Amino acid sequence: MIQKKYNVAEQFLILIGIGAALAYAVCFEYTDSRTLTVWSYDLLDVLFRGEILDFYEYIIENVRGAQHFMCAGNFFPMIPLAVWNFPIWLVSIVMHIQNVSAGFFVLWTKLFYTVLFILTIDRMNRISEEVQNGENKWRKYIFLLMLGSSEIIFSLYYAGQDEIVYIFFMIQAIFYYIKGNSKGFYIFSIMSIMCCQLMLIPYLLLVIFEDKKWYSIASKLCIAMIPAQIFDIVYARNPRYRFHEGDNFVEWFFGRNVFHTGLGGVSVLAVVLVFIFGYAYLYHSESKSKKEVIRDKLYFVSMAVCAVTFLGWDQFYRSFIWVPFILLFVMNFNTDSMETNIMIVVTVGILRTFLNCISRENVLQTGSLSEQLKQFLENQQLAVRNINHSIFVSMINEGSQLPLLVNSAMIGGILFFFYMNCKEEKKKWESSNSIYVLLLASYFVAPVLIIYFFYKVLL
């Protein structure tokens, strides 16, 4: 099947991508991946005891070996993982296994994220088919660019984070939106927002493109927020759930990149989002074809997600969420400029990966090595250097304006280049060798980083 769809060069890249993903998944057990695994089992424990309201107290007991002792926020993102882990949970009950924070249990969690990753790519392919009227000529490039994204590998297989859960739900919502299925769009949008309220931005943007009445927009926003509000009401009196009330999420996203003027600070992210939402509200599609309308909507949704990802609270495991949204746009239009579009996506991905490496102490640290690997190295009499922070020398001090400048430049660059390339194609585009050079550059980032990591910690 692979041989029919992909040539020899592409098969080679696929092997590199799968090998890198496996290496990161097996070699590392980041604290968050271990904790999320344990909490999904905790959720099943209290659910089948009929004590679901005591979930947050049960977490503090930490009977299954989590790395964190407090859960800030609702447990909606853990529900799909708990469903996936249900068979293994039953086995743990029968065999009286308490500690599920390492080894096979964490790998099983990462397998779940891999399944969602594959389903996300499938939904993106289906969106491409809808846009291209049944044709799917960019399908393999969607898959190759997703598989070769070092940011995705870091999030799914190093950190073992659950960002892919709400990303899948939102991509599914966009699929239904393009098909004209309002019910499916609202259901999956709400599921995505329940897991991460950042997804309010693409949801609200798509709503505004369709609906210009303020009271209708406000009502749809309220409907999307209802499940989270009900959860807050149910757990309102639980001090263990409310302990994170002091966190200022607005400041985290809008206050991290600020230009200071004589009149006060101006949030770069707020300025970009005001422009994007303003355009959506003033947008009229009467004189445009269906394909042009979809293109415009995907363009501004991708720009909004890029703005939040680049200019907001930029944890290294969250930095990949711009990738699927931008690919929805660039892989469906503008065949004349496909090489330029792919170059932009690959270049920005590589820059952001290295930016995370040199500015985050929790990226590639020896403390995240899996217990099995540590035991293997000890058996081989290989001493691991005690580096409990990033192996990369931090070049960016807290409060530095360099991340602001780099991310702002990337935002401006993709806004400009994708807008300039957003024209109807006039000739057929065919792949060339330069595409494989770009893909090769993308695919080798993750392997090179992990090789450098082991070189530093073992020699």
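Residues numbered from 1 in each chain as written. Predicted model: local features only at pLDDT ≥ 70, side-chain atom pairs only at ≥ 80, totals over all residues. Heavy atoms only, no water.

Student: What is the right way to look at helix H5 (residues 78–94) in this model?
Tutor: Residues lying three or four places apart along an α-helix face the same way, a consequence of the helix completing one turn every 3.6 residues. Between the first and last C-alpha of H5 there are 22 Å, a value that for 17 residues agrees with the 24 Å anticipated at 1.5 Å per step. For H5, the principal kink sits at Phe 86 and spans about 55 degrees; a proline, Pro 87, occurs within the next four residues. Residues of H5 that are buried include every one of Met 78, Leu 81, Ala 82, Asn 85, Ile 88, Trp 89 and Ser 92, and no others. Packed against the buried residues of H5 are helix H3 (31–49), helix H4 (55–61) and helix H6 (104–131). Just downstream of H5 lies His 96, where phi reads positive at about 55 degrees. (Helix = DSSP H or I, 4+ residues; strand = E, 2+ residues; numbered from the N terminus. Expected span 1.5 Å × (residues − 1). Bend = angle between axes of the 7 residues up to and from the residue. Buried < 20%, exposed > 50% of the residue type's maximum accessible area, 1.4 Å probe, protein only. Contact = heavy atoms within 4.5 Å.)

Student: Would you mind showing me how to read a negative patch on the surface here?
Tutor: Together, Glu 51, Asp 54, Glu 57 and Glu 61 make up a region of like negative charge exposed at the surface. Here Glu 61 is to be found in helix H4. (Patch = residues over 30% accessible without salt bridge, like charges linked within 9 Å, V, L, I, M, F, W, Y side chains within 5 Å. Areas by Shrake-Rupley, 256 points an atom, 1.4 Å probe, with all protein chains shown as cover. Salt bridge = Lys/Arg side-chain N within 4 Å of Asp/Glu carboxyl O. Lys, Arg positive; Asp, Glu negative; His and termini not counted. Charge placed at Lys NZ, Arg CZ, Asp CG, Glu CD.)

Student: Before we go on, may I ask you to explain the nonpolar core in this structure?
Tutor: Most often, soluble globular proteins keep nonpolar side chains buried together rather than apart. Within the largest apolar cluster, 151 residues are counted, with the highest numbers of intra-cluster contacts made by Tyr 24, Ile 174 and Leu 327. Setting aside anything within four residues of it in sequence, one finds Tyr 24 in contact with Lys 110, Ile 153, Phe 154, Tyr 157, Tyr 158, Leu 364, Ala 446, Leu 449 and Ile 450. (Core = buried A, V, L, I, M, F, W, Y, C linked by side-chain atoms within 4.5 Å.)

Student: In this structure, what is going on with empty space enclosed by the protein? I would like to understand it.
Tutor: The gaps left among the atoms become clear once a water-sized probe is rolled over them. Scanning the entire structure with this criterion turns up three cavities of 30 Å³ or more. For the largest cavity, the calculated volume is near 100 Å³. For the lining of the largest cavity, the elements supplying multiple residues, two or more each, are helix H8 (150–158), helix H17 (322–330) and helix H18 (338–359). Considering every element that reaches the lining of the largest cavity, the biggest residue donor is H18, with four residues. In this model, the second largest cavity occupies a volume close to 50 Å³. The wall of the second largest cavity is formed by Ser 150, Glu 151, Phe 154, Phe 316, Ser 319, Thr 353, Asn 356, Cys 357 and Val 363. Secondary-structure elements contributing two or more residues to the lining of the second largest cavity are H8 and H18. For the lining of the second largest cavity, a count of residues per class yields four nonpolar, four polar and one charged. (1 Å grid on protein atoms, 1.4 Å probe; cavity = no way out; pocket = protein on both sides within 12 Å on 5 of 7 lines; lining within 4 Å. Points joined across faces, edges and corners; volume = space filled by probe spheres on them. Nonpolar A, V, L, I, M, F, W, Y, C, P; charged D, E, K, R; others polar.)

Student: Please clarify how a nonpolar patch on the surface should be interpreted in this entry.
Tutor: Together, Leu 53, Ile 223, Ile 226, Ile 230 and Val 234 make up an exposed nonpolar region whose accessible area comes to about 450 Å². Within the secondary structure, Leu 53 is located in the loop between H3 and H4. Owing to a relative accessible area of 48%, Leu 53 belongs among the partly exposed residues under this scheme.

Student: Is there a simple way to explain the pattern of salt bridges in this structure?
Tutor: Side chains that differ in sign of charge can pair as their charged atoms come close. Applying the stated criterion across every chain, the model contains eleven salt bridges. Between Lys 140 and Glu 10 there is a salt bridge, with the nearest N and O atoms lying 3.0 Å from each other. One end of the pair, Lys 140, is in helix H7 (residues 139–147); the other, Glu 10, is in helix H2 (residues 8–27), and 130 residues separate them in sequence. For Lys 140, a relative accessible area of 23% gives the class partly exposed. Of the charged contacts, one joins Asp 211 and Lys 220 as a salt bridge, the two residues approaching to 3.1 Å between their closest N and O atoms.

Don't take any of this as a statement about function, it's just geometry.
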